[in-house]
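Notes for the structure review
Each chain, letter by letter, is given below.
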Amino acid sequence: MKNSRDGWLHTSRLDHMMLKQLAYSNYSRLRLSRIILLALAYAIGPLLFTASSGRAQESADQSATENSSQSLSDGSTHVSASFDGSSDSSDDRSTAAAFSNLNTQGTSLSSDQIIQILEQNPDLLADVKEQVVERLQQQGTQIQAGDISDEMLYGQISTNAGVRANITSFLQAHGYASQRSLQSIGDATVTGEISSLQPGDSRRENTNVEPPNGSAGMNARGFTQNYGEAEQNRANHIIRDEADHAQRGHEQANASTDIPQVLHRPTPYNLRSLEDLYTQLPDQTIQLKRFGSEVFINRNLFSMSRGRFNSDTPLDVPVGPDYVIGSGDSLTINLWGGITQSITRQVDRNGQILLPEAGLLQVAGLPLERAESLITGALKRQYRDIQVSVTISRLRSVRVYIVGDVQRPGGYDISSLATPLSALYAAGGPTSVGSLRIVRHLRGKQLVEEVDLYDFLLHGVRKGSVRFESGDTLLVPPAGAQVAISGAVKRPAIYELKAGESTLASVIADAGGFTASASFNHIVVERIDANQQRETVTLKTSGGHNLQGDRAAIDTFVIKDGDRIHIAPILPYSERAIYLQGHVVRPGRIPYTEGMQLNDVLRSYQDMLPEPAAHGEIVRLVPPDLHVETISFNVPDVLIGNANLTLQPFDTIRIFGRYEIDTPTVTIHGEVLRPDTYPLSKGMTAAQLVRMAGGFKRDALLDSADLTSYRIEGGDRVDGQLTTVHIGAAVTGTDPNADVTLKPGDVLTIHQLTGWSEIGQSVTIQGQVRFPGNYGFREGERLSSVLRRAGGMRETAYAGGAVLIREQVRELEEKSRQELIRQIEANSAAARLGPAVGAGDTGGTLQLIKVQQEQALAQLKSHPATGRMVIHISADIDSWANTPADIELRRGDVLTIPKRPGFVLVTGQVYNATALTFTPGKTAAWYLSRAGGTNGAANRKEIFIIRANGSVVGRHSGSWFNDVLSTRLNPGDMVVVPQKIIGASLLWRNLLTTAQLASSIAITAGIAAAAL
């Protein structure tokens, strides 16, 4: 059991000595597991996400060791359980300390998500283990990949949030995790409403920068913090940046070819024209992103997550001959001619390089071209006939401080050729309140240059030719005025304004210009009257009649900080179109032209599907309110040119199929392959209907068929008429006059040959007969006849216990059984109580009734209906043949002739329910006494006997003075002593008595079957 307070395993219910012995026997294995887990705790974090320098890693490890005891003592770190059941293991405390050092502040996938990804990608899991082993071996731990089991790794994923955060970063970097699968993301990207154009940046306050030398970083408030925390915070930023980048592919498109986004209102008629007219242009409620906010998403996690450019970072500016060499640059000197050699020299702190045979040479501060000339001259004095080429193989780094409203402010070691844009890229770009139009490059108090990032974002022009020097500062001030533009522009977003750009035309140009669907007559500006109120301004245009005037109005319209500009699109449908629908080949919109007529659309039957109806209609929307009117026309008349109608815009031409308008049908029943209702084609006959239904079945009567026709009498009633059709002759064509033409609604019935359903019927004779098996029989054949064919009964047969099972009887019995169960379940216990029952006895009596009810239901449900018929036959077939006892057979009958049983069964409420050996001439009372007599729960008045043939002898079977117990019994009979019924309701007593009888009869049938 795990204690929620200290996390240690308690063993109060386990045998202490057994646990101790188990721990001792597995000591080596458990100790190895603890060592591996301890190594995993130290290795997974830095391996999976950041590859920090050795000195920084040692500092973090040392800090974790020093703080481990405090973490355990104050309860700030929760350890799930000790590995060997001991609470004072030093190895466990070391492992707990190692895991407590893992940062748990990062956003991560859940343990189930991570484990699912690793299980679905076995190669990825193997790569993780191999890298862990490689790192541990470098640290001196002798371990193999096979020593790290999946359970060990999965266990740490399930219990350690720091491991989950680091593995999440690893999966993000390798493309196995997406933004949607993250549990929670503190979204601090610039996706807010323009109503809060300068929100506080949630990422800004927690941004921590790690200096390249591994010392403590400085956060936005000026405080220092541990290196590992800074690394984790940078991990969070990069995860968010990568997630934002993944979402870029899901942005809403805004091209002119896109289907307009509209809201469809319900229409009163199913017309395509009304569907177009009943559309609304939705209100723009999408959240706009700040333009340029996604440019600085960092894809190179492993190099950029350190917060710096390393020496291997590709240069984004070529090294020219005017590059000034400084301390830290590496020069590659290639010699050829008299000798061939390539040497690399780094400029030392004094600005010198050491040349072979030539000594020290001062090159710092010289342009590359001048330095190459000096090196060539120095080497030519030592070597003959050589040529020299000098290139920069590795650039020096300079310390630049990137401050202001950036994602990760701090000091960065960047390439000496880096531009302000690349430096800003390293710092994650501006925050949501940082400016994209003004980036200041400062050297001390002097402004070196001012960079506008829109030059690069919009035009691809990178400005900022002044190179950085150590100690320079790159300042990103807060953003200036901002406006939002949405609707029919190519790049709807939030844009930052610069001095001199205060017109609507300049903002539209930044947004990529209008789309082809833009409406100049519907440009609306939601404006903030500073410190006063909000107001709506509509740009005054000509509505598209004067494009030059509209553009002049756009060029002169002045925008202000906080404006929300919406450019509505034009109508989402064409105002000059007609619609064709229904039974046609090419339904849809058709362009409308002046003077268009109906036969311009319906030119021939090739424009329609087969069998069009003669009736067509034009549904017209009549101006000015566009109410609906219907104009009918005759399709054949339009096709031949006798009737033509002039069309108007938004007309809908409807063509119907022949079977869509009061569809004429005929029906065929009986012995055909596919009896059904079929469309009545023109001139269809009875023979054609039979062929359409698949033809006759083998049991069809071909001489005659019934045809029922209907006709209208007097215009107010329908009269039916029945005729006989010689259908066989009509189908074969032997009698041309036999076929008749069908009318709508006719019903043709094909009869079955007499006695066809009786072909193949059989009964089963089993048990004590000479030839048991299945026997076919003719209509009206009786039981004695089939028994004679089966060879008669054997000497061992007991005809008095014969059982005849009939399916029709079984179905009736099953219905009765289900109804009996329903009635017993439906009767409440309270309704079964008699008026003489006292109030104090009510509770106990109700409980007894409920128990009795459950017992009766259990017996009924466990004994399904058998379908047994009571028959009275004997071994002498001639004695009962052709008498009422000789019943007619039915399909599926099963006759069982058992052996003569040598017992009588006594069951029910007796002291010993058993089977007693049959003794001739003995009564039911004699057998009952041999079973111990009745018990206290017996109802002696309702004792009944079930004969072996299934008949029942009860209290009311004979005369009123006849006693059931005086009845002489035969072999196989059963004496049933029912249970005394609790409750005074007559209905309730009858129900339970019937249930006991039904269950007992089912038992006798089973006994007969077992006596074969």
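Residues numbered from 1 in each chain as written. Predicted model: local features only at pLDDT ≥ 70, side-chain atom pairs only at ≥ 80, totals over all residues. Heavy atoms only, no water.

What follows deals with the overall build of the protein. Helix and strand counts for the protein come out as 26 helices and 40 strands. Across the 1012 residues that make up the protein, the buried fraction comes to 42%. For the protein, restricting intrachain contacts to residue pairs at least 6 apart in sequence, the fraction spanning at least 24 positions comes to 66%. For the protein, the exposed surface amounts to about 52,700 Å²; the carbon and sulfur share of it is 50%. (Helix = DSSP H or I, 4+ residues; strand = E, 2+ residues; numbered from the N terminus. Buried < 20%, exposed > 50% of the residue type's maximum accessible area, 1.4 Å probe, protein only. Contact = heavy atoms within 4.5 Å. Areas by Shrake-Rupley, 256 points an atom, 1.4 Å probe, with all protein chains shown as cover.)

Moving on, we get to the pairing of strand β35 (residues 894-897). With 4 bridges connecting them, strand β31 (residues 762-767) and β35 associate as parallel partners. Bridged to T764 within β35 is V894. (Pairing = 2+ DSSP bridges.)

Overall, antiparallel pairing links the 3 strands, which are arranged β7-β6-β10 in an open sheet. Whereas interior strands pair on both sides, the edge strands pair on one side only; in this sheet they are β7 (341-346) and β10 (386-394). Between one strand axis and the next, the sheet turns by 20° as a mean value, whatever way the strands run. The pairing of strand β6 (residues 330-337) with β7 spans 6 bridges and is antiparallel. What sits directly across from I333, in β7, is I343. (Axes fitted to C-alpha atoms, helices over the stretch in contact; angles between N-to-C directions.)

This next bit is on the pairing of strand β14 (residues 446-451). Two strands pair when backbone bridges link them, and strand β13 (residues 439-443) and β14 are joined in this way by 5 bridges, in the antiparallel orientation. The partner of L442 across the bridge, within β14, is L447. Where β13 folds back onto β14 in an antiparallel hairpin, the turn is made up of 2 residues, including G444, whose phi is positive at roughly 70°.

Inspection of the secondary structure assignment puts V976 in strand β40 (residues 974-977). Given a relative accessible area of 4%, V976 falls into the buried group. Beyond its immediate sequence surroundings of up to four residues, V976 is in contact with T907, I943, F944, I946 and S1000.

Within a sheet, adjacent strands bond to each other through the backbone by hydrogen bonds, running parallel or antiparallel. Here 5 strands make up an open sheet; going across it, the order is β27-β26-β30-β28-β29 and the pairing mixed. The open sheet has two edge strands with one neighbour each: β27 (676-679) and β29 (717-725). The average undirected angle you get between the axes of adjacent strands in this sheet is 20°.

As a further point, take the nonpolar core. Ranked by size, the top nonpolar core spans 44 residues in total, and within it I402, L424, I485, L504, I565 and I567 carry the most contacts. Once you skip the residues sitting within four places of it in the chain, I565 turns out to touch A484, I485, S486, L504, V507, I523, V524, V525 and I559. (Core = buried A, V, L, I, M, F, W, Y, C linked by side-chain atoms within 4.5 Å.)

Okay, the packing of helix α5 (residues 111-120) against helix α7 (residues 150-159) next. It is at 8 Å that the axes of α5 and α7 come closest, and there the two elements cross at 155°. Here α7 runs roughly antiparallel to α5, going by the angle between their axes. Once α5 is placed against α7, the crossing between them reads as right-handed. Packed against α5, whose contacting residues are S111, I114, I115, L118 and E119, the element α7 presents Y154, I157 and S158 at the interface. (Parallel < 35°, antiparallel > 145°, perpendicular 65-115°, else oblique. Left-handed = near helix turned anticlockwise from the far one by under 90°.)

A word on the pattern of salt bridges. The final tally for this structure, using the stated rule, is 26 salt bridges. Across the salt bridge formed by E469 and R443, the nearest N and O atoms sit 3.8 Å from each other. Residue E469 is found in the loop between α15 (454-459) and β15 (473-476), and its partner R443 is found in strand β13; the two are separated by 26 residues along the sequence. Across the pair E781 and R789 runs a salt bridge whose closest N-O atoms are separated by 2.9 Å. (Salt bridge = Lys/Arg side-chain N within 4 Å of Asp/Glu carboxyl O.)

Take helix α22 (residues 807-826) next. Between the first and last C-alpha of α22 there are 29 Å, a value that for 20 residues agrees with the 28 Å anticipated at 1.5 Å per step. Within the span of α22, buried status applies to E814, R817, L820, I821 and I824. The buried side chains of α22 occupy one side of the element, clustering within an arc of 125° when seen end-on. In α22, the exposed positions angled more than 90 degrees off the buried face are occupied by L812, K815 and A826. (Expected span 1.5 Å × (residues − 1). Arc of directions from axis to C-beta.)

Aromatic rings considered in pairs are described by the distance between their centres and by the relative angle of their planes. Applying the stated criterion across every chain, the model contains 5 aromatic pairs. Measuring from ring centre to ring centre gives 5.4 Å for F291 and Y454, while their planes differ by 90°; the resulting arrangement is edge-to-face. One end of the pair, F291, is in the loop between β5 (279-280) and α12 (301-304); the other, Y454, is in helix α15, with 163 residues separating them in the sequence. Assessed through its relative accessible area of 12%, F291 is described here as buried. Using a relative accessible area of 3% as the deciding quantity, one classes Y454 as buried. Ring geometry for W926 and Y927: centres 5.0 Å apart, planes at 85°, overall edge-to-face. Note on Y927: relative accessible area 0%, which makes it buried. (Phe/Tyr/Trp six-rings, centres within 6.5 Å; stacked < 30°, edge-to-face > 60°.)

A cis amide bond links P623 with the next residue in sequence, P624, at an omega value of 10°. Inspection of the secondary structure assignment puts P624 in the loop between β23 (612-622) and β24 (627-634). Backbone geometry places F650, a non-glycine residue, at a positive phi of 70°. Topologically, F650 is positioned in the loop between α18 (635-640) and β25 (652-657). The residue N882 is not glycine, and still its phi comes out positive at about 60°. Tracing the chain through its elements places N882 in the loop between α24 (877-880) and β35. Take N882: its relative accessible area is 70%, and that puts it in the exposed class.

A cluster of nonpolar residues, Y710, I712 and V718, forms a patch on the protein surface that exposes about 340 Å² of accessible area. For Y710, the location among the structural elements is in strand β28 (residues 700-713). The exposure class of Y710 is partly exposed, given its relative accessible area of 41%. (Patch = residues over 30% accessible without salt bridge, like charges linked within 9 Å, V, L, I, M, F, W, Y side chains within 5 Å.)

Let us now look at helix α13 (residues 368-380). The terminal C-alpha atoms of α13, which comprises 13 residues, lie 18 Å apart, in line with the 18 Å expected from a rise of 1.5 Å per residue. Taken residue by residue, α13 has L368, A371, I375, T376, A378 and L379 as its buried positions. One side of α13 carries all its buried residues, which in axial view fall inside an arc of 165°. On its buried face, α13 is in contact with β6, β8 (352-355), β9 (359-362) and β10.

Here the protein shows a mean pLDDT of 75. Residues at 70 or above account for 72%. Note that pLDDT drops below 50 for residues 1-36; the model gives that stretch 32 contacts with residues more than four away or on any other chain. Confidence over residues 299-316 falls short of pLDDT 50; this stretch has 44 contacts with residues more than four positions distant or in other chains. (pLDDT = per-residue confidence, 0-100.)

Let us now look at the environment of I485. Mapped onto the secondary structure, I485 falls in strand β16 (residues 482-487). What makes I485 buried here is its relative accessible area of 0%. Placed 25 residues apart in sequence, I485 and D510 show a C-alpha to C-alpha distance of 10.0 Å. Once residues within four sequence positions are removed from consideration, I485 is found in contact with L288, P492, A493, Y495, V507, I508, A511, I565 and I567.

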